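If you want the building blocks of each chain, they are given just below.
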Amino acid sequence: MSPHRISGGLVLAAPPRVSAAGAIRACPLPSRLYLSLIEGNGRALHCRVVPGQRVRRGEALAHASDALGTILPAPISGCIVAIEDRTIAHASGLSAPTLVLDADGADGADEAATLTPLPGWTGETALTLRRRLAEAGIVGLGGAGYETAEKLARRVDTLILNGAECEPYIGCDEALLRERAADVVMGSAVLAQIAGAANVILALEDRMHDAAAAVRAELHRFPALRVALVPTVYPQGGERQLIEVLCGCEVPSGDWPVAIGVVVQNVATAAAAWRAVAHGEALTTRIVSLAGRGIVAPGVFDVRIGTTIEALVAAGGGYTPDAARLVLGGPLMGLSLPHDQIALTRTSNAILVLAEDEVRRSAPEVPCIRCGDCADACPVRLQPQELLRLLRNGDEAGAGALGLADCIECGCCAYVCPSQIPLVDWYRSGKTALATVAAERRRADHARERFLERNQRLAREQADKVARVAARRDALVQEQAAIAGTQDVGAAAPAAVADGATAEVTIADTPAASAPPMDKSAVLAAIARGKAKRAGRENAPLAGIPAADSSDPPPRKDEP
Amino acid sequence: MKTFVTAGAPHLPAPVRVRRVMAEVLLALLPGVAVHVWIFGFGILVQLALATGAALAVEAVALRFRGVPRGPFPGDLSAVVTAVLFVLCIGPLSPWWISALGMLAALGLAKHAHGGLGANLFNPAMVGYAVVLLAFPRLVSQWPAATADLPTAAHAIFEHVANASWDTLASATPLDALRQLAAQGRQSVEIHNDALFQRSQPAAWTAIATAYLLGGLYLLWRRIVSWQAPLGVIGGCVLLTLPFWLFDAELHASPLRHLGHGGLLLAAWFVATDPVSGCTSPRGRLIFGLGVAALTLAIRRWGNHPDGVAFAVLLMNAAAPLIDRVTRPRIYGHAARGNDAHD
């Protein structure tokens, strides 16, 4: 048991988790799959297929924008029949371009291995292994969906395998640990090798006895792995909270865990990494919890990515008559969905169908009575009631100063609020407003900087010009004095031309305005200089400023 | 395709609602009211009916003037809690209009003029009590020397006239007696045996305080209140009075007497824990409680009023936003005093 604790949190009297009894069941292969080109985290994928194209299972349909181009593998062999806009799982019910993939029936379990297995993975470099994760389409399966190859780009001291389910009802990770512990343990070894982590900790909730036993039975494969049991307190499974509990340290505000040498990976990600490295399997399936009293036969399912919720629910026996709410994710942070034609993605860990009596009734909001229950429950030690007051008054900056950006949106505050205030909604919109303001300020700062620099540059050029004209006037006066002295007209012109080769750009374009009276030789010399200058510009457009003006910044393309 | 109604997270039902919080507080006040009736008679029941009626009436009118739909508000029971707390502070045989006036000040002035539930800076019940105490100190501080039955109580409340017979019915509170006797230079043992003090029924007051303590422990057990504010008040009182009492028990009252004879326990469990006008950070609540105890003792010792709980609470209410500001916990991932740098 870990000596550290998170602040606040909730001990939820949750219904028994569905996975406690049932084994992982297979969801029947659907005939049509939908793969959105915008992932749940809002990042767009680059499409690599066209309608009508046949794809094999594991083949790249699209790739992400990370350095290694983590792909979206085809979950099934078949044909791309269309790319159309479909509703995705998004708080605003947005649509996104979606690949429609019809299965051709040429798909078997044996076909899953489309990449060359790397049996000698212990001898491979981190980059090779990261490439493998990218070409197998491995992303974080815990929910955020960050590309695993990208997340492991920096070496860390500690790798934490997150097996602590974040929310009640969700049981996919526990089921995975119970039934496929070897994959998780070996996957931990792979991820630890990539990250160069000396400490590898597998975190489980203290109530997952079967899962812990299953993992311990496989520990001989990777003895460096340490199993840690953490208290079942929501949101213990949150990345930052888990680090606090296991390491006793906090991730600095606004930073990523790698800043303190820690990386957290979901256990399902580890298992998928092992399948990709040792068996050459791309990420085409995932384990999804189907729970709630709105489902006839809830359970944990092995689901092909891209399956619609409707098909998954059908595998779970369909809806009960009092099914009232469809939720993607858990009951505290999950997203309420408008219909079941939305497809599961790589990050969909649970589908809840809550019955009428399980769900929060929409009640009129009562004013905040500042009871502080929210502050007691907040795992980040924010003062939610103060943030609410500031946001209601439109003071996003004030809320930002009180740590609005540190809110992890776990929903503890909104859950305990006796006034039923949708606090997290307020914080989300406040964060969006803050981000908008920050972006606008950045743009304004940039524009102001450019404007000031341009003004300085123009002033500097004007000063240079004045100085050059003055210098030239002096030179001409001296020259004329010299000419008057020698009366040798013929010698002056070649000397001036020869001089022009080095002095061409020190002469401004308007030398005549204030110049003293010139004789013919001076005019000839000026023409020669002008020609030389134009030639110099054409030959070396960017190297136009010679040594005399080298303190100036290089010329900018947007110069008038 | 099956469609669903969407709603924001969280999706689980709320564990506690405001109405239930208020109902639990009322339940916890029951022992105190019961002991009150047992000792002082039915006067308090008449006052409760009066004050509750006045509270709901003022609340309804105020909501109407503020243009707030009446929907959930009178049902949240907060006005009833205010009425009960106010009644427990005043003498049970005070004239009927005292309750009406107190509720007008409590709900009209302290609560709705500040923006209603959740927006008031000062505890409404304490504002109501402070107003009537300052305006009619004698009328609200008279306590029956004997149990009053319902007709007697009603007669006294509704046809209250300052006649000679009233003085025989009424008595001072123990703190009043203590104050008068101490002013005469009496010592502890003498005071204890004095007729004036005995007539103020110190044992009865201790019994009522004990009932408040029981109710408070119930609230603590039900997690309606947190322990910091009550501990601040009780612990502060003990800390401040124990050394003096140990030093010279003849001159100084014991901590138990300080706690048992006045309104400190009522304040500790039901007023200092008021979420709206109190502090919200845990350390803030502790400081709030300590402040209430210290100010109450200071007013008892040096002030003009026998018991200063209401004033102490109001002063601390005024300080609560500042206390909350300086006792904000360190946010996860911020340096030790990083969050203060933003202020």
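As the structure is a computational prediction, the values presented were derived from the model and not from experiment.

1. Remarks on the sheet that holds strand β6 (residues 71–73) of chain A
Sheet strands pair via backbone hydrogen bonds, and the direction of the pair is either parallel or antiparallel. All names here are of chain A. The antiparallel open sheet is built from three strands, whose spatial order is β3-β5-β6. Edge positions in the open sheet fall to β3 (46–47) and β6, since each of these has one partner strand only. Bridge count between strand β5 (residues 60–63) and β6: three bridges; the pairing is antiparallel. Of the residues in β6, the one forming a bridge with alanine 60 is proline 73.

2. Considering helix α4 (residues 96–111) of chain B
Look at α4 of chain B: 22 Å from first C-alpha to last across 16 residues, which is about the 22 Å you get at 1.5 Å a residue. Lining the buried residues of α4 of chain B we find α2 (43–66), α3 (78–89), α5 (124–135) and α6 (137–140) of chain B.

3. Focus on the domain arrangement of chain A
Residues and elements named next belong to chain A. Domain boundaries in chain A define domain 1 (18–358) and domain 2 (367–537). The partner domain 2 presents 10 residues to the nine residues of domain 1 that form the contact. With both chains or domains summed, domain 1 and domain 2 bury close to 710 Å², and 53% of this area falls on carbon and sulfur atoms. Among the residues of domain 1 in contact with domain 2, Gln241, Leu332 and Met333 are the three that bury the most area, contributing 48% of the side total. Where domain 1 packs against domain 2, one counts two salt bridges.

4. What about the pattern of salt bridges?
In this structure the tally under the stated criterion is 27 salt bridges over all chains. Residue arginine 428 of chain A pairs with aspartate 425 of chain A through a salt bridge whose shortest N-O separation is 3.8 Å. Here arginine 428 of chain A pairs with aspartate 425 of chain A, and both are found in helix α13 (residues 423–486), just three residues apart, close to one helical turn. Overall, arginine 428 of chain A belongs to the partly exposed group, its relative accessible area being 34%. Measuring nitrogen to oxygen at the nearest pair gives 2.9 Å for the salt bridge that ties glutamate 24 of chain B to arginine 222 of chain B. Taken together, the positions of glutamate 24 of chain B in helix α1 (residues 18–40) and arginine 222 of chain B in the loop between α12 (202–221) and α13 (228–247) put the pair 198 residues apart, joining distant regions of the chain. Given a relative accessible area of 33%, arginine 222 of chain B falls into the partly exposed group. Several salt bridges share partner residues, and in doing so they unite Glu244, Glu250 and Arg381 of chain A together with Arg330 of chain B into one network.

Cut-off values and rules
- Every chain begins its residue count from 1, and numbering advances along the sequence as written.
- Chain labels run from A onward and ligand labels from 1 onward, assigned in the order the entries are written.
- For this predicted model, a pLDDT threshold of at least 70 governs which residues receive local features, and a threshold of 80 or more governs which side-chain atom pairs are given and counted, while totals over whole chains, interfaces and linings are taken from all residues.
- Calculated side-chain values reflect all of the structure's heavy atoms, with hydrogen atoms and water omitted.
- Whether two strands pair comes down to DSSP finding at least two bridges between them.
- Per the convention used, a helix needs a DSSP run of H or I reaching at least four residues, while a strand needs a run of E reaching at least two, with both numbered from the N terminus.
- Expected helix span is taken as 1.5 Å per residue step, with the number of steps being one fewer than the number of residues.
- Here, residues are in contact when the closest pair of their heavy atoms is within 4.5 Å.
- Source of the domain bounds: an automatic or database domain assignment.
- Buried area: the accessible surface (1.4 Å probe) lost by two parts on joining, summed over both.
- Take a side-chain nitrogen of Lys or Arg and a carboxyl oxygen of Asp or Glu: if they are within 4 Å of each other, that pair is a salt bridge.
- Only protein chains enter the area calculation, which uses a 1.4 Å probe; residues under 20% of their type maximum are buried, those over 50% are exposed, and those in between are partly exposed.

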